[in-house]
Amino acid sequence: MIVPDLLEQNITLIDVGAVGNPPKHWLPLKEHIDLIGFEPNPKHCSILNSSNCEYSTAQFLPYAIGECDEEKIFHLTKYHECCSILEPNSEWLDRFEYGDFFKVEEQLNIKTKPLDGISEIQEKSIDAIKIDAQGYELPILIGARNILDEVFLLEVETGLHKNYINETTFEEISYFLKELNFMCMEIKQQPAQKRSNLASSWSISKGQAMACESIWVKDLRKFTKTDLKKINRNKLLSILSLGWLFNFSDLCLEILEIAEISSLLDEKEKRILKTEEYWLKSEKEIKDYPLLTRILCYGSYLIPTPNRRDLANLLPKLMKKPNFLKEIFENT
């Protein structure tokens, strides 16, 4: 038995910047998640809805998410994952090797909607939000103020510099979320980028951190008794399961010290949650990775150890490069 086995209903996750199947760190909880994703392109949205998504349930809605109902220009860039409502900051980006990825090839007129204004999710209890919006994260969060009142966990990708004009960076996101009683639990730096000069080919050249992914949770210890009474048993079990997913067991045990929270569990459940084994992940977790990933992982054991070390050093550099196969298939 593990913590998510206590769940009596699924966790509801909103994914802004959805790509369909869960990223690998969400895989252990995928069977307990009801996903609501957004894809403004009707054709792509239809494909996502008809795809065999790995979550328990998945619904993709054809909306572009923003701060309010308004018309915006969407910038389609050379590299698909750099597309954004914001215009790329070419003066800054051209200093780096990967600046060409952000070259705008087409512009589309779109209409944005705030999360708080989407009727399909008005009656749902949202547990977590995942946002990857290429610099447009803060307007999306501002347009979700009501939903954020009930959300426990946020996963947000943000720039550390203004890679787009008027981009909201990590510092700005941080200030906004702390005002709403969120606290940062984890920061993962994305691969650094090198400048477009001679040193870009040097192995000792480190490059510069450009963006990060951060995990935020509500600090329930700061809640008033009135706010704590709004947390029911289902919400608590969702909180504990999200804590299990991200290895925040120490935080979860601290939460269970709150009398109003602890009273939602019976004595047997409290004993279970104080046992380390219930917070562990299964050893078969690698089976949840895509087949190609597993083949490459196991295949690496056939490579001599010195070459495996070379491969480990090379992989971060390869991660910076666009997926040329994806580009080919998307254009066919």
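Up top is the structure these notes are about.
Residues numbered from 1 in each chain as written. Predicted model: local features only at pLDDT ≥ 70, side-chain atom pairs only at ≥ 80, totals over all residues. Heavy atoms only, no water.

Caption draft 1: Structural view of the pattern of salt bridges. This structure, assessed with the given rule, holds 15 salt bridges. Here Lys-78 and Asp-100 are joined by a salt bridge, their closest N and O atoms 2.4 Å apart. Of the two residues, Lys-78 sits in the loop between strand 5 (70–77) and helix 2 (90–93) while Asp-100 sits in the loop between helix 2 and strand 6 (104–113), which places them 22 residues apart along the sequence. Classification of Lys-78 by relative accessible area gives partly exposed; the value is 40%. With a closest N to O distance of 3.2 Å, Lys-103 and Asp-94 form a salt bridge. A residue is classified by how much of its surface remains accessible, and Lys-103, at 35% relative accessible area, is partly exposed. With relative accessibility at 42%, the residue Asp-94 sits in the partly exposed group. (Salt bridge = Lys/Arg side-chain N within 4 Å of Asp/Glu carboxyl O. Helix = DSSP H or I, 4+ residues; strand = E, 2+ residues; numbered from the N terminus. Buried < 20%, exposed > 50% of the residue type's maximum accessible area, 1.4 Å probe, protein only.)

Caption draft 2: Just the sheet that holds strand 4 (residues 64–65), in detail. Taken in spatial order, the three strands make up an open sheet running 4-6-5, and their pairing is mixed. Only two strands of the sheet have a single neighbouring strand rather than two, namely strand 4 and strand 5. (Pairing = 2+ DSSP bridges.)

Caption draft 3: Fine view of the sheet that holds strand 1 (residues 11–16). Strand order in the open sheet made by the seven strands is 3-2-1-7-8-10-9, with mixed pairing throughout. The sheet is open, and its two borders are formed by strand 3 (57–61) and strand 9 (182–189), each paired with just one other strand. Neighbour-to-neighbour, the strand axes of this sheet turn through a mean angle of 20 degrees, independent of strand direction. Direction of pairing for strand 2 (residues 33–38) relative to strand 3: parallel, over a ladder of five bridges. When the bridges of strand 3 are listed, Phe-38 appears paired with Leu-61. (Axes fitted to C-alpha atoms, helices over the stretch in contact; angles between N-to-C directions.)

Caption draft 4: Up close: the layout of surface pockets. Its volume calculated, the second largest pocket comes out at about 460 Å³. What lines the second largest pocket is a set of 23 residues, and nearest its centre among them are Asp-149, Glu-150, Val-151, Lys-218 and Phe-223. For the lining of the second largest pocket, the per-class residue count stands at eight nonpolar, seven polar and eight charged. (1 Å grid on protein atoms, 1.4 Å probe; cavity = no way out; pocket = protein on both sides within 12 Å on 5 of 7 lines; lining within 4 Å. Points joined across faces, edges and corners; volume = space filled by probe spheres on them. Nonpolar A, V, L, I, M, F, W, Y, C, P; charged D, E, K, R; others polar.)

Caption draft 5: Representation of the state of the cysteines within the structure. All told, the structure shown has zero disulfides when counted by the stated rule. Not part of a disulfide, Cys-184 finds its nearest cysteine sulfur in Cys-212, a span of 7.8 Å. Classification of Cys-184 by relative accessible area gives partly exposed; the value is 30%. The exposure class of Cys-212 is buried, given its relative accessible area of 2%. (Disulfide = S-S within 2.5 Å.)

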